[in-house]
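Structural features, examined
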Amino acid sequence: MKKRTSFISYGKQQIDEDDIAAVVETLRSPFLTQGPKVEEFEQVVANYVGAKYAVAFSNGTTALHGACYAAGIGDGDEVITTPITFAATSNAVLYCGGTPIFADIDERTYNIDPLEIEKKITSKTKAIMPVDFTGQPVDIDTIMNIAEVHNLVVIQDGAHSLGADYKRRKVGSQAHMTMFSFHPVKPITTGEGGIITTNSEEYFEKLKLFRSHGISKTPYAEEQGDWYYEMTELGYNYRMNDIQAALGLSQMRKIDGFIQRRREIAALYNEKLAEVPGIILPKQLAGNDSGWHLYMIQLNSEELMKSRKDVFDEMRALNIGVHVHYIPVYWHPYYQGLGYDRGLCPRAEKWYEQAMTLPVFAGMTDKDVLFIVRALEDVAR
Ligand SMILES: *Cc1c(COP(=O)(O)O)cnc(C)c1O
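On a predicted model such as this, the values are computed, not experimentally measured, just so you know.

Side note on helix 1 (residues 17-27)
The set of residues buried in helix 1 consists of D19, A22, V23 and T26. Viewed along the axis of helix 1, the buried residues span an arc of 95°, placing them on a single side of the element. Helix 1 presents E17 and E25 as exposed residues on the side facing more than 90 degrees away from its buried surface.

Considering the side chain of S181
Looking at where S181 falls in the secondary structure, it is placed in strand 8 (residues 177-181). For S181, a relative accessible area of 8% corresponds to the buried category. Here the side chain of S181 touches H183 through a polar contact of 3.2 Å, landing on its backbone nitrogen. Not counting residues within four places of it along the chain, the set of residues in contact with S181 comprises G60, A159, K186, I188, G193 and G194.

Brief notes about the site of the ligand
Neighbouring the ligand are 17 residues, the closest being G60, T61, D157, S181 and K186. N59 is positioned with one of its side-chain polar atoms (N or O) 3.5 Å from an oxygen atom of the ligand. Interatomic distance of 2.6 Å between a side-chain N/O atom of T61 and an oxygen atom of the ligand. Here the ligand loses 93% of its free accessible area of 380 Å² to cover by the protein chains. The cavity where the ligand resides is the second largest pocket. For the shell around the ligand, the secondary structure elements donating two or more residues are helix 3 (60-70), helix 4 (88-95) and strand 8.

A closer look at the domain arrangement of the protein chain
How big an interface is tends to be stated in terms of the accessible area lost upon association of its parts. Its domain assignment divides the protein chain into domain 1 (17-252) and domain 2 (255-380). Taking only C-alpha atoms, the centre of domain 1 and the centre of domain 2 are 26 Å apart. Taken together, the contact pairs 40 residues of domain 1 with 37 residues of domain 2. Contact between domain 1 and domain 2 buries roughly 3300 Å² in total, counting both sides, with carbon and sulfur atoms accounting for 58%. Remark: the boundary between domain 1 and domain 2 carries four salt bridges. Salt-bridge contacts for D104 lead to R347; the nearest nitrogen and oxygen are separated by 3.9 Å. For the pair domain 1 and domain 2, the number of links is 27 residue pairs in polar contact (both at pLDDT 80 or more). A class-by-class count of the residues in the side of domain 1 that touches domain 2 yields 20 nonpolar, 11 polar and nine charged.

Let's talk about the layout of surface pockets
Its boundaries defined by the atoms lining it, the largest pocket holds a volume of some 520 Å³. Elements that contribute at least two residues to the lining of the largest pocket include exactly helix 2 (36-49), strand 1 (53-57), helix 7 (201-211) and strand 10 (215-216). Per-class residue counts for the lining of the largest pocket are eight nonpolar, five polar and seven charged. Considering only enclosed or pocket space, the second largest pocket measures out at about 360 Å³ in volume. Around the second largest pocket, the lining comprises 25 residues; the ones closest to its centre are F86, S181, H183, K186 and Y326. When residues of the lining of the second largest pocket are traced back to their parent elements, those giving at least two are helix 3, helix 4 and strand 8. For the lining of the second largest pocket, the element with the most residues is helix 3, which contributes three residues.

Observations concerning the pattern of salt bridges
Throughout the structure, instances matching the rule amount to 23 salt bridges. A salt bridge links K309 to D313, with the shortest nitrogen-to-oxygen separation between them at 2.7 Å. Here K309 and its partner D313 are both found in helix 12 (residues 308-317), four residues apart, which amounts to about one turn of the helix. Relative accessible area serves as the criterion here: at 54%, K309 is assigned to the exposed category. Accessibility expressed as a relative area gives 34% for D313, which makes it partly exposed. Put simply, D104, D113, E116, K119 and R347 are held in one network by salt bridges that share partners.

Some details on the pairing of strand 4 (residues 125-129)
Extensive coverage of strand 4 is indicated by the burial of four of its five residues. Two strands pair when backbone bridges link them, and strand 2 (residues 78-81) and strand 4 are joined in this way by four bridges, in the parallel orientation. For E78, the partnering residue across the bridge sits in strand 4 and is T125. Across two bridges, the pairing between strand 4 and strand 5 (residues 153-157) is parallel. Bridge pairing links I128 to V154 in strand 5. This β-α-β element, strand 4 to helix 6 (residues 140-150) to strand 5, shows right-handed connectivity.

So, unusual backbone geometry
In this model, H325 is joined to Y326 through a cis peptide bond whose omega is -5°. Here Y326 lies in the loop between helix 12 and helix 13 (333-337). The phi dihedral of N151 is positive, around 60°, even though this residue is not glycine. Among the structural elements, N151 can be located in the loop between helix 6 and strand 5. Residue classification places N151 among the exposed residues on the basis of a relative accessible area of 68%.

What counts as what
Residues numbered from 1 in each chain as written. Predicted model: local features only at pLDDT ≥ 70, side-chain atom pairs only at ≥ 80, totals over all residues. Heavy atoms only, no water. Buried < 20%, exposed > 50% of the residue type's maximum accessible area, 1.4 Å probe, protein only. Helix = DSSP H or I, 4+ residues; strand = E, 2+ residues; numbered from the N terminus. Arc of directions from axis to C-beta. Polar contact = N/O pair within 3.5 Å; in protein donor to acceptor, adjacent residues only side chain to side chain. Contact = heavy atoms within 4.5 Å. Near = heavy atom within 4 Å. Areas by Shrake-Rupley, 256 points an atom, 1.4 Å probe, with all protein chains shown as cover. 1 Å grid on protein atoms, 1.4 Å probe; cavity = no way out; pocket = protein on both sides within 12 Å on 5 of 7 lines; lining within 4 Å. Sits in = over half its atoms within 2 Å of the grid points. Domains from an automatic or database assignment. Buried area = accessible area lost by both parts, 1.4 Å probe. Salt bridge = Lys/Arg side-chain N within 4 Å of Asp/Glu carboxyl O. Nonpolar A, V, L, I, M, F, W, Y, C, P; charged D, E, K, R; others polar. Points joined across faces, edges and corners; volume = space filled by probe spheres on them. Pairing = 2+ DSSP bridges. Right-handed = clockwise from strand over helix to strand, strands pointing away.

Below you can see the structure in the form of structure tokens.
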């Protein structure tokens with residue numbers, strides 16, 4: 001097979017003229033940061049996912065840090081999460097002095113397995129951080145039931161799942177807090193950006209404080225004078241700015257089309273790869289309609305008589321940007337240094353060894369998909 005003339009990455013943003021115009025308009029406005037656009041964006045995202053409140057952050061990682069702070073995670077608290085995620089998920093627990101506890105995945109969905117969560121609960125458990133890996137929603141109803149029994153906070157990492165449906169409802173209002181990321185490969189982008197959606201006024205207030213130095217106007221401002229404010233918590237500058245929010249507002253107008261296109265691409269992969277030997281396709285649980293941030297296959301090396309690395313290299317040689325998401329978090333040297341053992345989550349580790357990411361993004365054409373399918377057929381033969 002001849003290689004593609006241009007590299008096709010595993011994911012990328014779609015920026016149109018209207019996005020550019022929206023950003024330019026803000027650049028000409030009096031506000032580059034903390035103007036009207038951030039609040040407008042928060043409103044639009046909250047409405048879209050059906051949550052009461054939303055607090056925008058400078059990126060998804062700072063948003064997760066904010067959520068862990070709002071949940072009250074501190075020294076000695078345990079937070080149960082999945083090893084198959086980007087390191088930012090469990091890093092947010094570490095920022096607050098907590099201890100990430102990794103629970104194994106469900107082999108069908110690659111998502112954290114609620115039964116494994118229950119096995120890891122101790123008297124120190126404070127929260128659960130499930131991840132909607134690849135854009136497929138976790139079984140949040142079951143996880144919320146577990147949380148209620150044990151009095152835990154649930155922070156859903158929805159970095160992949162803005163626009164995905166769980167039981168016919170958008171992800172973002174079921175957990176106590178849900179994080180979405182607006183990094184360029186994610187469902188929509190603001191360059192860098194993130195948000196927490198919640199129905200809790202208490203979390204909403206804490207998140208706003210934390211995002212902006214722990215400073216707020218107080219009732220005393222009136223008697224003290226208009227300059228007066230108080231810093232009551234140790235917060236950070238984790239704010240989103242109006243330029244980012246203007247881009248986000250423009251992107252939100254198109255999100256349904258983006259998700260629709262990702263679903264079409266996944267359906268085309270599903271159809272065309274069904275008969276290719278040695279390739280295991282992703283599955284969805286009933287009631288889920290993924291947003292398909294990632295399309296992950298598994299390679300049966302014995303059947304293919306090739307290692308994952310061989311297949312990966314052959315695909316890359318054709319200019320196809322296959323990837324692997326993710327190395328189990330506790331395998332990273334930093335986590336190894338904290339004392340996590342290999343073998344902790346056997347299903348996740350086995351899955352990782354044979355996983356491969358195929359490109360999917362809203363701007364992909366059917367031709368792109370068919371080229372990748374043909375390449376895989378070739379490699380598998
Ligand atoms: C991207 C991502 C994050 C972090 O988001 P940023 O906006 O890049 O900081 C967190 N968790 C998961 C699962 C992600 O994919």
